[in-house]
Amino acid sequence: MWPAGREREMNVTAVFRAVVAPVGGERVVLRVAASSIYRVTVNGRFVGHGPARGPHGFYRVDEWDLGASLGAGENVVGIEVAGYNANSYYLLDQPSFLEAEIVAGERVLAATGGERRFECGMPGWREQKVQRYSFQRPFTELYRLAPGWDAALRDPRARLEGVGLADQGEKRLLPRGVAYPDFRVAEPVALVAVGRMEPREAPGKVWKDRSLAGVGPELKGYPEAGLVAVPTTEIQSMRSVGLVAAGGGGSPQGRSLSRGEFAIWDLGVNLSGFIRAEVACREPVRLWLAFDEILREGDVDPLRLHCANLVEYRLEPGEYSVETIEPYTLRYLKAIAVDGACEIRRVSLREYAHPPVSARFACSDARLDKLFGAAVQTFRQNSLDIFMDCPSRERAGWLCDSYFTARAERSFTGTSRVERNFLENFMLPRAFERLPEGMLPMCYPADHYNGRFIPNWALWFVVELEEFAGRGGDRAMVDALKGRILALFDYFRRFENADGLLEKLESWVFVEWSEANKLVQDVNYPSNMLYAGALSAAGRLYGMPDLVAKADKIRGVVREQSFDGEFFVDNALRKGGTLQVTRNRTEVCQYFAFYFGLANPGSDPELWRKLREDFGPRRKERGLHPEVHPANAFIGNVVRLELLSGAGLVRQILDESVDYHLGMAERTGTLWEHVDERASCNHGFASHLGHVLLRDVLGVRAVDGAGKCVSVRLADCGLESCSGSVPVSGGAIGLSWRKDGAKVRYRLVAPAGWRTKVDAGEGIEAVAE
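Residues numbered from 1 in each chain as written. Predicted model: local features only at pLDDT ≥ 70, side-chain atom pairs only at ≥ 80, totals over all residues. Heavy atoms only, no water.

Draft legend 1. Geometry of the overall build of the chain. A tally of regular secondary structure across the chain gives 17 helices and 34 strands. Here the C-alpha atoms of the chain give a radius of gyration of 27 Å, agreeing with the 27 Å that 2.2 N^0.38 yields for 769 residues. Expressed as lengths along the three principal axes of its C-alpha atoms, the size of the chain is roughly 75 × 65 × 60 Å. Burial analysis of the chain (769 residues in total) assigns 61% to the buried set. A sequence separation of at least 24 residues applies to 74% of the contacts in the chain between residues at least 6 apart. Split by element, the accessible area of the chain, about 28,600 Å² in all, is 48% carbon and sulfur. Looking at the chain, you have 96 positive and 101 negative side-chain charges, and the mean spots of the two groups are 1 Å apart. (Helix = DSSP H or I, 4+ residues; strand = E, 2+ residues; numbered from the N terminus. Rg over C-alpha atoms; globule rule 2.2 N^0.38 Å. Buried < 20%, exposed > 50% of the residue type's maximum accessible area, 1.4 Å probe, protein only. Contact = heavy atoms within 4.5 Å. Areas by Shrake-Rupley, 256 points an atom, 1.4 Å probe, with all protein chains shown as cover. Lys, Arg positive; Asp, Glu negative; His and termini not counted. Charge placed at Lys NZ, Arg CZ, Asp CG, Glu CD.)

What follows is the structure, given as structure tokens:
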């Protein structure tokens, strides 16, 4: 159901409610599917948020046990639904609806269909015509509230101004498929600064993101001229003055703000979820809640990510308890009384994250423990229902990112439930609109109305699928995807030149966030290395030796053309009908060559020596090989650690992990998209570091879930001790070890029926205790 005639209207919020009085002892369950997002409350108290995302034309069903939330007598079960009808990388542009039922045993207490129906109203407290949050996400939040605004969600006797509903037809439903989120509430650890906002004397050029200036047929939204407000423009006309640190003991909560004043709170770590505030005002007030993952010069910059990191509340005199319906990512929250005065009695954040993981890691180096904690935080915030790139700017299910996050999921949880949902979303649609036949979206579920895609990103889907199968993933799904994989290769065939290499790939060719992304035409050798890797993976996966042979041929041709005797070159250009290899060389290209089987330490010992000894996090300060463009966090540095792992260089992995990541973990408690703060400071792929620490430092080298066998390799990594556990079916693999001279004394525990294999590195004698 949805309010009649408004199912395709942008940014409409509808409120559904049912008054129920269950009999004691009955298990009461709410089942719900919706487009775009929803929030469930009972008597005004938060219960849940969803849904888990599905592909076009499919909707996942959540089941919420209401028992602990219901009181005696009548209770109000409320469901707020935001229907966006706008394309994004986060939510699909599909007509709005709610399908729900509340059941107690066999009895239906309320439903969107049938005799006992939900009431529906459109209170209008969330403004409709507001700017988009970002290019990748739909609308921001701006609220107009008066006392009693949410009475219909709290009081069975309160009146909800009803609207006519229209049947939206049958929907194809899917199970949720993944665990329900963790909604624990995080309080700030400190009030870090106070100050006031003043007009800028000479405002500079106003920056406008493409999500504001570029609204049109390819990016749905409301034109700027018709918006209720444009806070991202307004805030640029202001500056923070009188910014002072707010140290001292006691509770950080509670702060009175006069007109123009602000306060900044610190949550202690970068978190994702719903911003909450308790506010009282004796006069009308316009309140901004601005936020970001970091501070710049001691202040919050809500535009740093090219997002509208700012929620606005326009409050009539009264007392309010408010909470955003959209999730955001922040460590620092800045409350600004733009107009009027108010008292901020309490601020907090309700987390929206994967449940706590059961993997454990602790060692004699506290820096590594901090890195593991940051990896876990990063994973939990990016792995709710699909693998996301970041929980902030995009919340998008990107390929390539998912390849690395999927490994973390297995190590942290012992399952591949999120990965299965992620892959299933790519499997179910018959086709992907606005993309060439055979091509996969670069991120999904998403709507790419501009037709943009990353052709080589689809190849990461293939190499991930092979690993999914190796982790014991759903073989029926793997087999069902065979046709999609072969269609993908059919797409690429049209770009193969006379040498068998991909040439002049279309749309956005992406290697990594570095100079490598400027060297992608006409023949991009890293993309061809990846192409060979994907062909080999599919050949092994589906028993197709012709694909493996084709991959081997591509490797030979790439090596012959790209290797200049010292390094692998990134690209060749077609000039006058002749392919001319450039002198462009990047660090990530070298890593691709080794990762996808074009080189190895035996075949290329001198290049391997340079990569091992000269490259890495301190190459720039050492002034080595400046002609080779450096790699970035996404994805060259991750692949580098994989190569070091394959060579058994655990001590070097430990040292470089600290050099690459410790500054991130100390500053935000999460791991970043880049080596610096220019973009997301919470990026899902980077959680792979936790997998590396469990595999290489702790030593749980490989887990064969199907064969119930764990392989352990103990190495001299410079630590005195390490302990941890990795969840598996039937329990967990527990391992602890300590250095004792030339010996490593260890304890290894596995569930019943599991076999263990223990290997010791060079110069190490492993002794079981």
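Now, onward.
Draft legend 2. Summary view of the sheet that holds strand S9 (residues 107-111). One open sheet holds the five strands; their spatial order is S9-S8-S3-S6-S13, and the pairing between them is mixed. Every other strand in the sheet has two partners, leaving S9 and strand S13 (172-175) as the edge strands with one partner each. Ignoring which end each strand starts from, the neighbouring axes of this sheet average 30° apart. (Pairing = 2+ DSSP bridges. Axes fitted to C-alpha atoms, helices over the stretch in contact; angles between N-to-C directions.)

Draft legend 3. Expanded view of the packing of aromatic side chains. A full pass over the atoms with the stated rule returns 46 aromatic pairs. For the pair Trp 2 and Phe 16, a centre-to-centre distance of 6.2 Å together with 45° between the ring planes defines the contact as tilted. Here Trp 2 is found in strand S1 (residues 2-3), whereas its partner Phe 16 is found in strand S2 (residues 12-20), with 14 residues between them in sequence. With respect to class, Trp 2 is no different from Phe 16; both count as buried. Ring geometry for Phe 563 versus Phe 568: centroids 4.9 Å apart, planes at 45°, classification tilted. For Phe 563, a relative accessible area of 22% translates into the label partly exposed. Overall, the relative accessible area of 0% leaves Phe 568 in the buried class. Through successive ring pairs, a cluster of aromatic residues spans Phe 46, Trp 64, Tyr 180, Phe 183, Phe 274 and Tyr 352. (Phe/Tyr/Trp six-rings, centres within 6.5 Å; stacked < 30°, edge-to-face > 60°.)

Draft legend 4. Quick peek at helix H16 (residues 650-668). Taking 1.5 Å per residue, 19 residues should reach 27 Å; H16 reaches 26 Å between its end C-alpha atoms and fits that length. Taking the largest bend as the criterion, H16 deviates by roughly 50°, centred on His 661. Of the residues flanking the end of H16, it is Gly 669, one or two places downstream, whose phi is positive at about 75°. (Expected span 1.5 Å × (residues − 1). Bend = angle between axes of the 7 residues up to and from the residue.)

Draft legend 5. Spatial organisation of the packing of helix H12 (residues 587-595) against helix H15 (residues 633-646). Viewed as axis vectors pointing N to C, H12 and H15 meet at an angle of 40°, and their least axial separation amounts to 9 Å. Overall, the two elements H12 and H15 adopt an arrangement that is oblique. With respect to the hand of their crossing, H12 and H15 are arranged in left-handed fashion. Taken together, the residues of H15 that come into contact with H12 (itself represented by Val 588, Tyr 591, Phe 592, Phe 594 and Tyr 595) are Ile 635, Gly 636, Val 639, Arg 640, Glu 642 and Leu 643. The residue makeup of the contact of H12 with H15, split by class, is eight nonpolar, one polar and two charged. (Parallel < 35°, antiparallel > 145°, perpendicular 65-115°, else oblique. Left-handed = near helix turned anticlockwise from the far one by under 90°. Nonpolar A, V, L, I, M, F, W, Y, C, P; charged D, E, K, R; others polar.)

Draft legend 6. Region of interest: the sheet that holds strand S27 (residues 578-581). Read from one edge to the other, the open sheet built from three strands follows the order S25-S26-S27, with strand pairing classed as antiparallel. Both edges of this open sheet fall to strand S25 (523-524) and S27, since each of them pairs with a single strand only. The pairing of strand S26 (residues 571-575) with S27 spans four bridges and is classified as antiparallel. Across the sheet, the residue bridging to Arg 574 is Leu 579, located in S27.

Draft legend 7. Up close: the environment of Arg 585. You can see Arg 585 is positioned in the loop between S27 and H12. Residues Arg 585 and Glu 26, spaced 559 residues apart in sequence, show a C-alpha to C-alpha distance of 67 Å. Dropping the residues within four chain positions of it, Arg 585 is found in contact with Asp 564, Glu 566, Phe 567, Phe 568, Val 569, Asp 570, Glu 627, Val 628 and His 629.

Draft legend 8. Layout of helix H17 (residues 688-698). Of all 11 residues that make up H17, 11 are buried, and the element is covered over most of its length. Residues of H17 that are buried include every one of His 688, Leu 689, Gly 690, His 691, Val 692, Leu 693, Leu 694, Arg 695, Asp 696, Val 697 and Leu 698, and no others. Looking at the residues trailing H17, positive phi occurs at Gly 699, about 110°.

Draft legend 9. Region of interest: the state of the cysteines. The final tally for this structure, using the stated rule, is zero disulfides. You can see Cys 281 has no disulfide; the closest cysteine sulfur is in Cys 342, sitting 6.7 Å from it. Here Cys 363 stays unpaired: no disulfide links it, and the sulfur of Cys 722, its closest cysteine neighbor, is 5.2 Å away. Classification of Cys 363 as buried rests on a relative accessible area of 13%. (Disulfide = S-S within 2.5 Å.)

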